[in-house]
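Overview (structure and organization)
Residue-level listing of the chains:
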Amino acid sequence: IPLAPNNPGTKSASNSINQHVPISKASSVKTAFLLKVPVLPLIWLGVVLLLAIRWIRANRQFHSLILNENQLHDSDILNVFEECCSQCRIHRKIQLILTDRVESPALFGILRPKLLIPEKMISRFSEEEWKMIFLHELTHVRRGDLWIHAVTSVLLLLHSFNPLTSYAARRM
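A brief look at the structure comes next. (Residues numbered from 1 in each chain as written. Predicted model: local features only at pLDDT ≥ 70, side-chain atom pairs only at ≥ 80, totals over all residues. Heavy atoms only, no water.)

**Here we look at helix H4 (residues 75-87)**
Here H4 spans 18 Å end to end across 13 residues, near enough to the 18 Å set by a 1.5 Å rise per residue. When we look at burial in H4, the residues that qualify are Ile77, Val80, Phe81, Cys84 and Cys85. For H4, the angular spread of buried residues about the axis comes to 140°, placing them on one side. Facing away from the buried side of H4, by more than 90 degrees, are the exposed residues Asp76, Asn79, Glu82 and Ser86. Near the N-terminus of H4, the side chain that reaches the backbone nitrogen of aspartate 76, with its oxygen 3.0 Å away, is that of aspartate 74. Among the residues trailing H4, arginine 89 stands out with phi positive, at a value near 60°. (Helix = DSSP H or I, 4+ residues; strand = E, 2+ residues; numbered from the N terminus. Expected span 1.5 Å × (residues − 1). Buried < 20%, exposed > 50% of the residue type's maximum accessible area, 1.4 Å probe, protein only. Arc of directions from axis to C-beta. Polar contact = N/O pair within 3.5 Å; in protein donor to acceptor, adjacent residues only side chain to side chain.)

**Side note on a negative patch on the surface**
Residues Asp74, Asp76, Glu127, Glu128 and Glu129 make up a contiguous surface patch of negative charge. In terms of residue count, helix H5 (residues 127-143) provides more of the negative patch than any other element does, 3 residues in total. Its location among the elements puts glutamate 128 in helix H5. (Patch = residues over 30% accessible without salt bridge, like charges linked within 9 Å, V, L, I, M, F, W, Y side chains within 5 Å. Areas by Shrake-Rupley, 256 points an atom, 1.4 Å probe, with all protein chains shown as cover. Salt bridge = Lys/Arg side-chain N within 4 Å of Asp/Glu carboxyl O. Lys, Arg positive; Asp, Glu negative; His and termini not counted. Charge placed at Lys NZ, Arg CZ, Asp CG, Glu CD.)

**A few points about the nonpolar core**
Ranked by size, the top nonpolar core spans 20 residues in total, and within it Phe81, Leu115, Ile117, Phe134 and Leu138 carry the most contacts. Breaking this core down by element, the ones donating at least two residues are H4, strand S2 (95-99), strand S4 (114-118) and H5. If near-sequence neighbours (up to four positions away) are discounted, phenylalanine 81 is found in contact with Ile94, Leu96, Leu115, Phe134 and Leu138. The next biggest cluster of nonpolar side chains, apart from the first, holds 5 residues, and it includes Ile66, Ile97, Phe108 and Leu116. (Core = buried A, V, L, I, M, F, W, Y, C linked by side-chain atoms within 4.5 Å. Contact = heavy atoms within 4.5 Å.)

And the structure:
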């Protein structure tokens, strides 16, 4: 709704252009909100990138620590492992690494998986117990659990602001 023109005595084309229009409070709030909306995706992208860098750095750091660890050379345990690999029909090479960096046997690595075995466990188990441990870990390799874990990690990065995603990941 136009207010009074700037110069009420003259009637020209510029009078209609120079009229004052009241700005409502609601439209200024709406304008301010619209200006801030494009910032939210940038904040999200920044957080995702920071979390991704942190995740990649932690994995690379752990990988570099594992590279310095010794491979398992116990022939009895290696024979059990080879038997389990053939039983599970796994033909790719999986290194057995002795380390004190894990508390229980665990797989690490997607493209070149390594089975990490705590040094303190090496003399604790019988041949039959080692067979059960190896079959369990090799089942993870055969089912592709390492890939599923990687995809889940990426999804968690992308949906880091969603509390339901974090809850679901903890329940897996």
